[in-house]
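Here is how the chains run, residue by residue.
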There are 2 protein chains.
Amino acid sequence: MPNPPNPQRRSEKSRRATLDATLDLCAEQGYAQVTVEGIAARAGVSKKTVYRWWPSKGAVVLEAVHDAAVRPTVFPDTGDLVADLCTQLSGVIDVLSAPRTRSAFIGVLTEAQHDPGLAEQMHRQWIGPRIDQFKHRLRKAQDQGHLPPGADLDVIMDVVYGPIFHRLMVHLPLPDEAYLRKVVDSVLPASDQPPRER
Amino acid sequence: MPNPPNPQRRSEKSRRATLDATLDLCAEQGYAQVTVEGIAARAGVSKKTVYRWWPSKGAVVLEAVHDAAVRPTVFPDTGDLVADLCTQLSGVIDVLSAPRTRSAFIGVLTEAQHDPGLAEQMHRQWIGPRIDQFKHRLRKAQDQGHLPPGADLDVIMDVVYGPIFHRLMVHLPLPDEAYLRKVVDSVLPASDQPPRER
DNA sequence: CTGTCAACACGACACGTTCCGTTTCCCTAT
DNA sequence: ATAGGGAAACGGAACGTGTCGTGTTGACAG
């Protein structure tokens, strides 16, 4: 019986080679053309090894993208809500534009639509934390009087992130900084002037 | 050499059976599990026949969804912009919620991310016309003074459709009517009535 | 701290499956 | 007569699994 492998003995070298090969291949051929066989070959790794640690191609790509994208998309907190929003959104757009991550990102996002397991993992290690950070930042802005207490955080989140996903799905060019600012401005209830000073 | 088939002699019965079987199978098994072989078998049609008229599974599903979704998502014009927006958006959400169309819709949308030909066709016969209708309706509202002349139609479109795609991709429940209205209200520059004080 | 050793992750390769997209052959309707 | 439709089979690609040596690794003894 295949006992679950022991993570302690896992070869970090193989792991890295696999993830790197994955992003490279996604960039070169596009997500759909990438196969587990191809990844293994490029990484100089056995297919068996890939399947030992990941259940599917999607899972490999998810980890590869997560690995590469977490850093550029952290949520800053400089005290200036609008600026912070724009910074974070720009980070996301960069990841969605950079050749090395774009296809992999889109691929895993779309694959998660058909693979419940992948969707669950993506949500747990990615989407969920982002949403929490986002709302946390917005609540803080509320406390500081930069945002009305009654503002609907869900609506704001949808409206701010929505355009990126909309344009992505519909194959329109992604928003640039100026456009982003327009969106952010158009939706954030302009109560920037403190109702009460902090 | 395979001459291009003659559309005049095409069997409408086979076409319908194929499209119906496609939606059924998508609903039953999910888009990813559906195969051309399965479609042909369910439709009582030869695989050859499918490939004679469509280049790929994605193309079949695109036509099937388009066929089923065009009617419920037409853009109304009652003179009331907010109401019309909500109506059309509800139509889209219905298609994205109904079991028979949901999986097929999402499937073709995501597949188009990896298949340029499919993306092009989807844009030509679907997305493009919708965008045109949308902007046409908004310009009319501008002419009638229901929307400020300076309003950025692209921003409005992104912000209004964005939440649907965002929530779809991120696996959150789709907006309901009340939520939609909130979004629409929050973004439409309220020049609907003579400038009200706020 | 160091040498030993069994466990186990690894790479290589081969296997049975599934589905693809195409082809062949014959039938049928126009 | 022509051309689309149905049945069946094809080679090819990729899947996910299994086997088999090889060699690295971590644990333990001294």
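Residues numbered from 1 in each chain as written. Chains lettered and ligands numbered in written order. Predicted model: local features only at pLDDT ≥ 70, side-chain atom pairs only at ≥ 80, totals over all residues. Heavy atoms only, no water.

Colleague: Could you give an account of the interface of chain A and chain B, with specific residues and numbers?
Modeller: Contacts between chain A and chain B engage 37 residues on the former and 37 residues on the latter. Summing both sides of the interface, chain A and chain B together bury roughly 3,100 Å²; the carbon and sulfur share of this comes to 66%. Taken together, the links from chain A to chain B amount to four salt bridges. The salt bridge partner of Asp-158 of chain B is Arg-167 of chain A, with a shortest N-O separation of 2.4 Å. Remark: the boundary between chain A and chain B carries 19 residue pairs in polar contact (both at pLDDT 80 or more). For the side of chain A that touches chain B, the secondary-structure elements that each account for two or more residues are α6 (99-111), α7 (116-143), α8 (153-169) and α9 (177-187) of chain A. When residues in the side of chain A that touches chain B are grouped by element, the largest group, 13 residues, is from α8 of chain A. Across the side of chain A that touches chain B, the residue classes break down as 22 nonpolar, ten polar and five charged. (Contact = heavy atoms within 4.5 Å. Buried area = accessible area lost by both parts, 1.4 Å probe. Salt bridge = Lys/Arg side-chain N within 4 Å of Asp/Glu carboxyl O. Polar contact = N/O pair within 3.5 Å; in protein donor to acceptor, adjacent residues only side chain to side chain. Helix = DSSP H or I, 4+ residues; strand = E, 2+ residues; numbered from the N terminus. Nonpolar A, V, L, I, M, F, W, Y, C, P; charged D, E, K, R; others polar.)

Colleague: Help me get a handle on the packing of helix α5 (residues 81-97) of chain A against α9 of chain A, residues and values and all.
Modeller: Residues and elements named next belong to chain A. Packing of α5 against α9 brings their axes to within 10 Å, and their N-to-C directions diverge by 135°. When the axes of α5 and α9 are compared, the pair comes out oblique. The two elements α5 and α9 meet at a crossing, and its hand is right-handed. Contacts from Val-82, Leu-85, Cys-86, Leu-89, Ser-90 and Ile-93 of α5 reach α9 at Glu-177, Leu-180, Arg-181, Val-184 and Asp-185. Split into classes, the residues belonging to the contact of α5 with α9 amount to seven nonpolar, one polar and three charged. (Axes fitted to C-alpha atoms, helices over the stretch in contact; angles between N-to-C directions. Parallel < 35°, antiparallel > 145°, perpendicular 65-115°, else oblique. Left-handed = near helix turned anticlockwise from the far one by under 90°.)

Colleague: Please give an account of the protein's contact with DNA strand C that cites residues and values.
Modeller: As a matter of local geometry, DNA strand C sits amid 18 residues, with Asn-6, Thr-49 and Trp-53 of chain A together with Lys-47 and Tyr-51 of chain B nearest to it. Sugar plus phosphate, as a fraction of atoms of DNA strand C within 4 Å of the protein: 57%. Within the backbone of Gly-44 of chain A, one N or O atom sits 3.5 Å away from a phosphate oxygen of DNA strand C. Within the side chain of Thr-49 of chain A, an N or O atom sits 2.6 Å from a phosphate oxygen of DNA strand C. Breaking the surface near DNA strand C down by element, the ones donating at least two residues are α3 (47-53) of chain A together with α2 (36-43) and α3 (47-53) of chain B. (Near = heavy atom within 4 Å.)

Colleague: So what's going on with unusual backbone geometry? Which residues, and what values?
Modeller: Of note, the phi angle at His-171 of chain A is positive, near 65°, even though the residue is not glycine. Given the relative accessible area of 32%, His-171 of chain A is considered partly exposed. (Buried < 20%, exposed > 50% of the residue type's maximum accessible area, 1.4 Å probe, protein only.)

Colleague: Outline the domain arrangement of chain A, supporting the account with residue identities and numerical values.
Modeller: All names here are of chain A. Its domain assignment divides chain A into domain 1 (7-61) and domain 2 (67-187). Distance from the C-alpha centre of domain 1 to the C-alpha centre of domain 2: 27 Å. Each partner contributes residues to the interface: domain 1 has 14 residues there, and domain 2 has twelve residues. Note on domain 1 versus domain 2: buried area summed over both sides is about 980 Å², and carbon and sulfur give 54% of it. Inspection of the region where domain 1 meets domain 2 yields four salt bridges. Between Arg-16 and Asp-67 there is a salt bridge, with its nearest N and O atoms 3.1 Å apart. Our count for the contact surface shared by domain 1 and domain 2 stands at five residue pairs in polar contact (both at pLDDT 80 or more). Put simply, the parts of the chain that give the side of domain 1 that touches domain 2 at least two residues each are α1 (12-29) and α4 (57-69). Counting residues per element, the side of domain 1 that touches domain 2 draws most heavily on α1, which supplies eight residues. Residue composition of the side of domain 1 that touches domain 2, grouped by class: seven nonpolar, three polar and four charged. (Domains from an automatic or database assignment.)

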